[in-house]
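# Notes for the structure review
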Amino acid sequence: MTQPAFHRIDGTLYVEGVCANDLAAQFGTPLYVYSREALTAAWHAYADACAGRRASVHVAVKANSNLAVLNVFARLGAGFDIVSGGELARVLAAGGKAENVVFSGVGKTADDMRTALEAGVKCFNVESIPELDRLNAVAGALGKKAPVSLRVNPDVDPKTHPYISTGLKANKFGVAFDDARATYRTAAAMPHLEVVGIDCHIGSQITEIAPYLDAIDKLLELVDQIEADGVQIHHIDVGGGLGIRYDDETPPEIGAFVRTVLDRIEAHGAKTGRARDVFFEPGRSLVGNAGVLLTRVEFLKPGAEKNFAIVDAAMNDLARPAMYDAYHAIEPVAGRNVAAQTYDVVGPVCESGDWLGRARTLAIEPGDLLAIRSAGAYGFVMSSNYNTRPRAAEVLVDGTHVHVARARETVAQLLAGEQILPD
Ligand SMILES: Cc1ncc(COP(=O)(O)O)c(C=O)c1O
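Residues numbered from 1 in each chain as written. Predicted model: local features only at pLDDT ≥ 70, side-chain atom pairs only at ≥ 80, totals over all residues. Heavy atoms only, no water.

### Quick notes on the overall build of the chain
Along its length, the chain carries 12 helices and 21 strands. A globule of 423 residues ought to have a C-alpha radius of gyration of about 22 Å, and the chain, at 23 Å, matches this closely. With the C-alpha coordinates of the chain rotated into their principal frame, the extents come out at 70 × 65 × 45 Å. Counting over 423 residues, the chain shows a buried share of 53%. Per element, the accessible surface of the chain, about 17,900 Å² overall, is 51% carbon and sulfur. The chain carries 40 positive and 52 negative side-chain charges, and their two centres are separated by 2 Å. (Helix = DSSP H or I, 4+ residues; strand = E, 2+ residues; numbered from the N terminus. Rg over C-alpha atoms; globule rule 2.2 N^0.38 Å. Buried < 20%, exposed > 50% of the residue type's maximum accessible area, 1.4 Å probe, protein only. Areas by Shrake-Rupley, 256 points an atom, 1.4 Å probe, with all protein chains shown as cover. Lys, Arg positive; Asp, Glu negative; His and termini not counted. Charge placed at Lys NZ, Arg CZ, Asp CG, Glu CD.)

Listed below in C-alpha cells is the structure:
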C-alpha cells in the first residue's frame, strides 16, 4: 500500500514528499498546506463510484475556493457548485467550464444571475418564488431561458451541528416541502425559465446515510407529483454534506455513500420507467482531510486554572472552533522529549473565543511547530483580517514539488483600499 499523503518519517510530519518543518521554514506560519494526492484520491472515490452511471460530481467551491485546488479538480473533469458571482469567476479562472456549474444560494443578486446566464451555467438552484421572479426577469431581459431546479427543504434531521443543518423546516434554506409542488407549477408557467431538475442539501458533516435516504425518498415522491402535473424533472441533485473524520467520527466511505444513493434513485427510476441524472455537490469530503494548518507556538502560559499554548494562528485563520465549537486534531510536527501537559491552544486575537483546541495533551516548547489537521475545508475560505492580521499563505504539495497557491497577505495590501479623511 502506498503511504498516506500525510505521514511521519522518524516521527516528523511529511506532506507527500515534503517535510512540514521545511514548509514552515520556507513559507512562514500560519500556513495552509494541501496535498494534491489527497485531493485527487478523494475525487476518485466519488468519480469511480459514479463511473458508468448517470451521475456527476460538482465540487462545492465554498469549502475551498483556492484557484490551485479548483484547478486540480478542473483537470480531473469536475463540475462545480457555486454560491456567488465571485465563485463563478474563480471556477472559470481555475479552468472549470460554466456548462458544468450549478448555481446554489439563497440570495442571488440580479447581477450574479446575469453573469451566470451569460456564462451559460448548467442550472440555477432556486430557493423561493421571489427568486424565480427575479431570475425570470433577468433571463427575459437577456432574451434567454434560465435552466432551473428548485431546492426543496425535505424537513429531515441530518443530526449535525445546528449551524450546519440546513434541511429542517426552521432553516432559511429551500422551498418548504408542502409548497414545492405548487412552486414547480409557478416556475413552469414563467416564460423565461426552463425547469430541469430538483435539488436538496440537508446539512454538512453528516455521518450517516439514513438522513440522505429519507430526503431522497421525499424528493422522489415529489418528483412523481411534479411530473404528473406535466413538468419533467431531468436531474436530481442530492447536495453535499457527507462528513469526514476529524476525531472519532465514522462517516460512511465515499464510494459506499454514492452507490447507496444511486441505487435508491435508480430503483425508483426503474419502477417508474424514468431514468434521471444524479448530481452530487460535495465540499468537505473532498478537501477537508487534504489540508493542514501549520502554526508555531509563540508562548506557553501557565494559567490559574489551565495552561495555554499561544500560537501564531488564530480564529481569523481558522474560524471553525470559535464558530461551531469544532474539533480539529492538533499534533506537534516533530516529537520532543519534554513532559506532556494539558493546554488550551489559543491564538493572539483579542477574544476569549479565540481558541483552536481545548484541553490538548502536548509535549511542546515555545517555537515548536504544530499541525492542525483536517483544515482543508471551511478553513482559509472563512478566514478574515480581524485584528488587522494578514491572511495566511496557502501551498499545494505535489510529490516533492511545492506550489505557492496563495502568497501570504501583507499589511500594505490590507490598508490599500482605505483612505484617511481629506485635509
Ligand atoms: C447547496 C450546498 N451544496 C453543497 C455544500 C457542500 O457541503 P459539504 O461541504 O458539507 O459537502 C453546501 C454547504 O453548505 C451547500 O450549501
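The structure having been displayed, the exposition proceeds.
### Examining unusual backbone geometry
Between T29 and the following residue, P30, the backbone shows a cis peptide bond with an omega angle of -5 degrees. Assignment of secondary structure puts P30 in the loop between α1 (20-27) and β4 (31-35). A positive phi angle, near 55 degrees, is found at Q205, a position not held by glycine. For Q205, the location among the structural elements is in the loop between β11 (193-199) and α8 (210-228). Here Q205 falls in the buried class, since its relative accessible area comes to 10%. A positive phi is found at N387, a non-glycine position, where the angle reads about 65 degrees.

### Some points on the domain arrangement of the chain
Parsing the chain into structural domains produces domain 1 (6-34 + 288-415) and domain 2 (105-280). Its C-alpha centre places domain 1 at a distance of 36 Å from the equivalent point of domain 2. With 10 residues of domain 1 in contact, the opposing surface of domain 2 contributes 8 residues. Between domain 1 and domain 2, a total of about 760 Å² is buried, with carbon and sulfur atoms accounting for 57% of that surface. Inspection of the domain 1/domain 2 interface yields 0 salt bridges. If you look at where domain 1 meets domain 2, you find 1 residue pair in polar contact (both at pLDDT 80 or more). Of the residues that constitute the side of domain 1 that touches domain 2, the class distribution is 5 nonpolar, 4 polar and 1 charged. (Domains from an automatic or database assignment. Contact = heavy atoms within 4.5 Å. Buried area = accessible area lost by both parts, 1.4 Å probe. Salt bridge = Lys/Arg side-chain N within 4 Å of Asp/Glu carboxyl O. Polar contact = N/O pair within 3.5 Å; in protein donor to acceptor, adjacent residues only side chain to side chain. Nonpolar A, V, L, I, M, F, W, Y, C, P; charged D, E, K, R; others polar.)

### What to know about the state of the cysteines
By the definition in use, this model includes 0 disulfides. Free of any disulfide, C50 has its nearest neighbouring cysteine sulfur in C200, separated by 16 Å. Residue C50 is classed as buried on the basis of its relative accessible area, which comes to 5%. The thiol of C200 is unpaired, and the distance to the nearest cysteine sulfur, on C123, comes to 13 Å. By relative accessible area, C200 is classed as buried at 4%. (Disulfide = S-S within 2.5 Å.)

### Quick notes on the pairing of strand β9 (residues 146-153)
Where a strand is regular, its side chains alternate between the two sheet faces. Buried residues dominate β9, accounting for 8 of its 8 residues. Alternating positions in β9 separate into two faces, A146, V148, L150 and V152 on one and P147, S149, R151 and N153 on the other, with burial throughout. Sheet analysis places strand β8 (residues 123-126) next to β9, joined by 3 bridges and oriented parallel. Paired with F124 across the strands is V148, a residue of β9. Taken together, β8, helix α6 (residues 129-142) and β9 form a β-α-β motif whose crossover is right-handed. Bridge count between β9 and β11: 6 bridges; the pairing is parallel. (Pairing = 2+ DSSP bridges. Right-handed = clockwise from strand over helix to strand, strands pointing away.)

### Examining the site of the ligand
Taken together, 14 residues are adjacent to the ligand, and S204, G241, E281, R284 and Y378 come closest. Within the contact set of the ligand, an oxygen atom lies 2.8 Å away from a backbone nitrogen or oxygen of G283. For the ligand, whose accessible area on its own is 400 Å², the fraction buried by protein is 91%. Each residue belonging to the shell around the ligand can be placed in one class, and the counts come to 3 nonpolar, 6 polar and 5 charged. (Near = heavy atom within 4 Å.)

### Some points on the packing of aromatic side chains
Applying the stated rule across the entire model yields 7 aromatic pairs. Measuring from centroid to centroid gives 6.3 Å for W43 and F73, while their planes differ by 50 degrees, and the two rings are tilted. Here W43, found in helix α2 (residues 36-50), pairs with F73, found in helix α3 (residues 67-75); they are 30 residues apart in sequence, far enough to count as distant. Seen from their ring centres, F257 and F280 are 6.0 Å apart, and the 65 degrees between their planes marks the pair as edge-to-face. Of this pair, F257 sits in helix α9 (residues 254-272) while F280 sits in strand β13 (residues 277-280), and the two are 23 residues apart along the sequence. Here F257 matches F280 in class, with each residue buried. Clustering of aromatic rings is evident, with ring pairs tying together Y46, Y212, F257 and F280. Directly above the ring of F103 sits K108, whose terminal nitrogen or CZ lies 5.5 Å from the centroid. (Phe/Tyr/Trp six-rings, centres within 6.5 Å; stacked < 30°, edge-to-face > 60°. Lys NZ or Arg CZ within 6 Å of the ring centre and 35° of its normal.)

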